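# Results of the structural survey
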Amino acid sequence: MEPFNLSSGLESIRTRIFGVIPMVNLRQWQSSTALVVALGMGTSAIAPLAIATTATANPAPYTMAQLFPSQQSPRRVAIPAGTQLPVRYDGVQKIVVAPNETSPLTLLLAKNIRSSSGEILVRSGSKIRGELRPVDGGSQFYAQDITLTDGTVQSIDATSEVVTKTQEIVPGTNTDAVLKGAAIGAGAAAIISGVTGKKRITLGKILIGGGAGALGGLIFGKKRADVIVVNPNNDLTLTLNSPLALR
């Protein structure tokens, strides 16, 4: 018997099965087969990843606030018109001004302003800047802006009631009693000096206002004149004329 020839046997099998298709090298066939199997495995391994990526490629849309929490618009609240703001003026018991005098003044908020749920909206100690103005035979405080305790400055539309309490100044008046513990408008100081003959006011704190010279001229030679006396802690409670918007 002739020995079996592997190459001849493979050639015979190839001819029977594939006809004229050229015989490929066994090692090449094995390598090709391994490559196909590897590709098949790779494809099956990649497919779930591709599917998962597709599933999360279009998530539910996010809002800007979710993406950038630090850039959210600050919450705004408004204290309604008609709200009363109690105030104080530290260091003095009263303010004395002339009936036709405008005098700048800065008051302090006396109590926290809270929302209906108890949240503090404006803290005690916030500064309210404005001026006392002559109105209807008296004096009235007009607020212009408020400086919150964090330093924020905002416009504010608020006024006090009209204060009409007066003190008559005549020669011989005990001006010490009138001026002790008082903040004195420049116009009131001119009136007191002109009527009493005192050239210098030594008591009280002088408020810088306008028209002192003109007021002094109007009372020159008069024997009596009135000044308005304001108790800032009781008389100057403010009422908002329009809402106060806050962050």
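Heads up: the structure comes first, above all this text.
Quick summary incoming for the structure in this document. (Residues numbered from 1 in each chain as written. Predicted model: local features only at pLDDT ≥ 70, side-chain atom pairs only at ≥ 80, totals over all residues. Heavy atoms only, no water.)

Attention now moves to the pairing of strand β4 (residues 94–97). Of the two faces of β4, the one lined by Lys94 and Val96 and the one lined by Ile95 and Val97 are each fully buried. Sheet topology places β4 next to strand β13 (residues 182–185); three bridges connect them, and they run parallel. Bridging across to β13, Lys94 finds its partner in Ala182. Sheet topology note: the β4/strand β15 (residues 225–230) ladder contains three bridges and is antiparallel. Bridge pairing in β15 links Ile95 to Val230. (Buried < 20%, exposed > 50% of the residue type's maximum accessible area, 1.4 Å probe, protein only. Helix = DSSP H or I, 4+ residues; strand = E, 2+ residues; numbered from the N terminus. Pairing = 2+ DSSP bridges.)

Turning our attention to helix α5 (residues 186–196). The buried fraction of α5 amounts to nine of the 11 residues, a majority that puts the element mostly inside the structure. Buried within α5 we find Ala186, Gly187, Ala188, Ala189, Ala190, Ile191, Ile192, Ser193 and Val195. Gly197, located one to two residues past α5, shows a positive phi value of around 85°.

With respect to the element layout, Asn100 can be found in the loop between β4 and β5 (103–109). Asn100 sits in the partly exposed class, given a relative accessible area of 46%. Separated by 39 residues in sequence, Asn100 and Ser139 place their C-alpha atoms 8.2 Å apart.

Our next topic: the environment of Glu168. Along the chain, the position of Glu168 falls in strand β12 (residues 166–169). The partly exposed category is assigned to Glu168, whose relative accessible area is 39%. Sequence-distant contacts of Glu168, that is, excluding residues within four places in its chain, are made with Thr173, Arg224, Ala225 and Asp226. Among the polar contacts made by the side chain of Glu168, one reaches the side chain of Arg224 at a distance of 2.6 Å. (Contact = heavy atoms within 4.5 Å. Polar contact = N/O pair within 3.5 Å; in protein donor to acceptor, adjacent residues only side chain to side chain.)

A separate point is the side chain of Gln140. Here Gln140 lies in strand β9 (residues 138–147). Look at Gln140 and you get buried, because its relative accessible area is 11%. There is a polar contact of 3.2 Å between the side chain of Gln140 and the side chain of Tyr142. For Gln140, the side chain forms a polar contact with the main-chain oxygen of Ser160, separated by 2.7 Å. Contacts of Gln140, omitting those with residues within four sequence positions, involve Glu131, Leu132, Arg133, Val135, Thr159, Ser160, Glu161 and Val162.

Okay, unusual backbone geometry next. Backbone geometry places Asp136, a non-glycine residue, at a positive phi of 50°. Position of Asp136 relative to the elements: it lies in the loop between β8 (127–135) and β9. A relative accessible area of 70% places Asp136 in the exposed class.

To continue, consider the side chain of Asp145. Summarising the element assignment, Asp145 is placed in strand β9. Note on Asp145: relative accessible area 12%, which makes it buried. A polar atom in the side chain of Asp145 sits 2.5 Å from the side chain of Arg129. Setting aside residues up to four positions removed in sequence, Asp145 forms contacts with Lys127, Ile128, Arg129, Val153, Gln154, Ser155 and Ile156.

No statement about biological role is implied by the geometric values presented.
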